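Report on the structure
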Amino acid sequence: MKNVGSGSNILNASPILKSSLEALGQVEQIPAGDVLFKTSDENLGVFLVRKGKVCLRVEGLPRLDRVFPAGSLLGLPATFSGSPYSLTAIAVTNSVVLHIARKEFLCLMREQPALCRQATDMLSREVCFIQAAVTERMQALLSFKSECQPPAVRKVQSSRAH
């Protein structure tokens, strides 16, 4: 698992975005080890980490797991698209998160274009991370498949005439 510091946090929300989300969300206490959302879960909106650390996991690729600190906004791709979550989010420490339902989040994005731009910038960074994970997974599968292929069987020609 890789820690993502606040200086390099690709999902770090700006102070203005955080305060706008605070007005819309519900605070939830999440014990360490509890799941906020899982891969393929129905989208429930975004989660702003207010305290603690949350790990975003890519199923089958633990090297790509990343731990995000307070200030991180999780669940953007699924919330914008309305698709199920593509990652799993697990509290690494006892955490406090602010859950903002999809409908309220999208309404804020329509009403505040500058905040929408910030969120889409974060979204593009997260999509790049997901794309890299998928590419690595595909390469691993192709490598595994080629290792599992039996060697080509070659018919040996007899030097004897029939």
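Residues numbered from 1 in each chain as written. Predicted model: local features only at pLDDT ≥ 70, side-chain atom pairs only at ≥ 80, totals over all residues. Heavy atoms only, no water.

1. Concerning the nonpolar core
Ranked by size, the top nonpolar core spans 38 residues in total, and within it Leu-73 and Phe-105 carry the most contacts. For this core, the leading source of residues is helix α4 (residues 113–148), giving 6 residues. Among residues more than four places away in sequence, those in contact with Phe-105 are Leu-21, Val-46, Leu-73, Leu-76, Thr-79, Phe-80, Ile-100 and Ala-119. (Core = buried A, V, L, I, M, F, W, Y, C linked by side-chain atoms within 4.5 Å. Buried < 20%, exposed > 50% of the residue type's maximum accessible area, 1.4 Å probe, protein only. Helix = DSSP H or I, 4+ residues; strand = E, 2+ residues; numbered from the N terminus. Contact = heavy atoms within 4.5 Å.)

2. Some details on the sheet that holds strand β4 (residues 46–51)
Spatially, β2-β9-β4-β7 is the arrangement adopted by the 4 strands of the open sheet, whose pairing is antiparallel. The open sheet has two edge strands, β2 (26–30) and β7 (73–74), and neither has a second partner. Summarising the sheet, β4 and strand β9 (residues 95–100) pair through 5 bridges and their orientation is antiparallel. Bridge pairing in β9 places Val-46 opposite Ile-100. (Pairing = 2+ DSSP bridges.)

3. Digging into helix α3 (residues 102–111)
Turning to α3, its buried residues number three or more, namely Phe-105, Leu-106, Leu-108 and Met-109. Taken down its axis, α3 places every buried residue within 155 degrees of arc, on the same side. Exposed residues on α3 whose side chains face more than 90 degrees from its buried face are Lys-103, Arg-110 and Glu-111. (Arc of directions from axis to C-beta.)

4. Quick look at the environment of Thr-39
Tracing the sequence through the fold places Thr-39 in the loop between β3 (35–37) and β4. What Thr-39 contacts, discounting residues up to four positions off in sequence, is Glu-59, Tyr-85, Ser-86, Leu-87 and Thr-88.

5. Regarding the pairing of β9
Most of β9 sits out of view: 6 of its 6 residues are buried. Burial along β9 is two-sided: Ser-95, Val-97 and His-99 facing one way and Val-96, Leu-98 and Ile-100 facing the other are all buried. By the bridge criterion, 5 bridges tie β2 to β9 in an arrangement that is antiparallel. Its bridge partner being in β9, Gln-26 is matched across the sheet by His-99.

6. A few points about the side chain of Thr-79
Among the structural elements, Thr-79 can be located in helix α2 (residues 76–81). Not counting residues within four places of it along the chain, the set of residues in contact with Thr-79 comprises Asn-43, Gly-45, Val-46, Arg-102, Phe-105 and Leu-106.

7. Here's the deal with the environment of Val-58
Locating Val-58 in the fold gives a position in the loop between β5 (54–57) and β6 (66–68). In this structure, the C-alpha to C-alpha distance between Val-58 and Ala-133, residues 75 residues apart in sequence, is 7.3 Å. Setting aside chain neighbours within four positions, we find Val-58 in contact with Leu-64, Asp-65, Leu-87, Phe-129 and Ala-133.

None of the figures reported here should be taken as evidence of function without further support.
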